[in-house]
Every structure is written in structure tokens, then in C-alpha cells.
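Close look at the chain arrangement
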Amino acid sequence: RRMNPLQSRNDHSGRRDGHHNVHVNAHGHSDSEGVNESDIDSDDDDSAFDENLVKEMTVEGAGLREINGTYARIGQNDNVSKFMRTSRYNGRSVDFMLFRCKLTDGTRRWYISIVPENAHPGTTQDIDFYAVGPSQQHSVLDPNIPPRDGWMA
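Residues numbered from 1 in each chain as written. Predicted model: local features only at pLDDT ≥ 70, side-chain atom pairs only at ≥ 80, totals over all residues. Heavy atoms only, no water.

**Overview of the packing of aromatic side chains**
Applying the stated criterion to the full structure yields four aromatic pairs. Between Tyr89 and Phe129, the aromatic rings sit 5.4 Å apart at their centres with planes inclined by 90 degrees, giving edge-to-face as the arrangement. On the criterion of sequence distance, the pair formed by Tyr89 in strand β4 (residues 80–89) and Phe129 in strand β7 (residues 127–132) is long-range, its members being 40 residues apart. Judged by centre distance (5.7 Å) and plane angle (20 degrees), the rings of Phe99 and Tyr111 are stacked. Note that Phe99 is positioned in strand β5 (residues 92–102) and Tyr111 in strand β6 (residues 108–114), a separation of 12 residues in sequence. Members of the aromatic cluster, joined through ring pairs, are Tyr89, Phe96 and Phe129. (Phe/Tyr/Trp six-rings, centres within 6.5 Å; stacked < 30°, edge-to-face > 60°. Helix = DSSP H or I, 4+ residues; strand = E, 2+ residues; numbered from the N terminus.)

**Observations concerning the side chain of Asn68**
Checked against the element boundaries, Asn68 lands in the loop between β2 (54–60) and β3 (69–77). Of note is the side chain of Asn68, whose polar atom sits 3.2 Å from the backbone nitrogen of Gly61. If we ignore the near neighbours within four places in the chain, the residues touching Asn68 are Val59, Glu60, Gly61, Ala62 and Arg85. (Polar contact = N/O pair within 3.5 Å; in protein donor to acceptor, adjacent residues only side chain to side chain. Contact = heavy atoms within 4.5 Å.)

**Remarks on the layout of surface pockets**
Considering only enclosed or pocket space, the second largest pocket measures out at about 200 Å³ in volume. Contributing to the lining of the second largest pocket are 14 residues, with Asp95, Ile114, Val115, Pro116 and Glu117 lying nearest its centre. Its residues placed into classes, the lining of the second largest pocket shows seven nonpolar, three polar and four charged. (1 Å grid on protein atoms, 1.4 Å probe; cavity = no way out; pocket = protein on both sides within 12 Å on 5 of 7 lines; lining within 4 Å. Points joined across faces, edges and corners; volume = space filled by probe spheres on them. Nonpolar A, V, L, I, M, F, W, Y, C, P; charged D, E, K, R; others polar.)

**Brief notes about the pairing of β5**
Where β4 meets β5, seven bridges bridge the pair, whose relative direction is antiparallel. Residue pairing in the sheet places Phe83 in a bridge with Leu98 of β5. Taking the residues that link successive antiparallel strands as the turn, the β4-β5 hairpin has two residues, and the phi of Asn90 there is positive, at about 55 degrees. Pairing analysis gives seven bridges linking β5 to β6, with the strands arranged antiparallel. When the bridges of β6 are listed, Arg100 appears paired with Trp110. Counting the residues in the hairpin turn of β5 and β6 gives five residues, including Gly106, whose phi is positive at 95 degrees. (Pairing = 2+ DSSP bridges.)

**Brief notes about the pattern of salt bridges**
Under the counting rule described, the total for this entry stands at three salt bridges. Salt-bridge contacts for Asp78 lead to Arg108; the nearest nitrogen and oxygen are separated by 2.7 Å. Of the two residues, Asp78 sits in the loop between β3 and β4 while Arg108 sits in strand β6, which places them 30 residues apart along the sequence. Between Arg148 and Asp149 there is a salt bridge, and its shortest N-O distance comes to 3.3 Å. The exposure class of Asp149 is partly exposed, given its relative accessible area of 38%. Connected via shared salt-bridge partners are Asp78, Arg100 and Arg108. (Salt bridge = Lys/Arg side-chain N within 4 Å of Asp/Glu carboxyl O. Buried < 20%, exposed > 50% of the residue type's maximum accessible area, 1.4 Å probe, protein only.)

**Re the confidence of the model for the protein chain**
Considering every residue of the protein chain, the mean pLDDT works out to 75; 66% of them sit at 70 or more. Across the protein chain, element-level confidence peaks in β3 with a mean pLDDT of 96 and bottoms out in strand β1 (residues 23–28) with 80. Contacts of residues 1–17 to residues separated by more than four positions or lying in other chains number 44 contacts, the stretch itself having pLDDT below 50. (pLDDT = per-residue confidence, 0-100.)

Structure, rendered in C-alpha cells:
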């Protein structure tokens, strides 16, 4: 996947300015409580946050309402959890994916995309809606889970 900072694709976000108030929140196990930074003891080097405890992610504030909602953990991509939500888009049922992938320049980026059926996320076949670039990830508590803020169309 090769992309210059989100400019080599169409804006499918539903807004034209590229700035969005998209928020992604983690949820552990089968409860509905979010995982917050305060839940993670950053003073203890041995208590690394286990991204496998995150079973769901909630997306809020996207320009397209079809993207908003709960994404269930369905496996891994780029050695971290990936998440999926089935919704209707342009009159058909599609799977929106929330995933991280490694780009050809070695950087990693989180995406919310439609990934073609039976395809791996992170290819030029994906229809990307939102992404978080490396510069927005510098303050992320754990790079193995999607950041809450900083998503761009």
C-alpha cells in the first residue's frame, strides 16, 4: 500500500474539508465499558496493555453514519487486532474494517476502510475512509490499538 498523506485516494468520508471529530474507543471482553488510559498502569513496565483484551471498538463522529458503531475483533493484521462492522453502504451490505498496516516506506497507519471480500486489508483495492498517520500517533498510549483521535479523511 503506497499513499502520500491521504491524498492519493478519493474522500469517501462524507465531508470535504478533511477534518473530522471521529473518535475510536476500545471495549474489553464482553462488557460495555471502555478501556481508558487510567485503566492502564503506565508506572509499571511489566504491565503492558494487552490488545487481545480489546474485543470491540466503537467509532463515533464519522461523516458517514454507516461507519459509526461497534466493530468486533476478528483476528489480526500487521500483528495487531483488526476489527469489522457490517453495514449498508450505497445500497449493499459491506464490511467496514478498522485495521493497522505497514506501508511501503516502513511506517504504520490505522485505517477505516471497506476491504474487498476474501482480501487482506492494506492493499490498493481497499476503499479508505479514514486514517491516522504516523505524526498523529506519536502521543498514542499503545500503538497496538487504534488511537482515539487524530483521524483524517
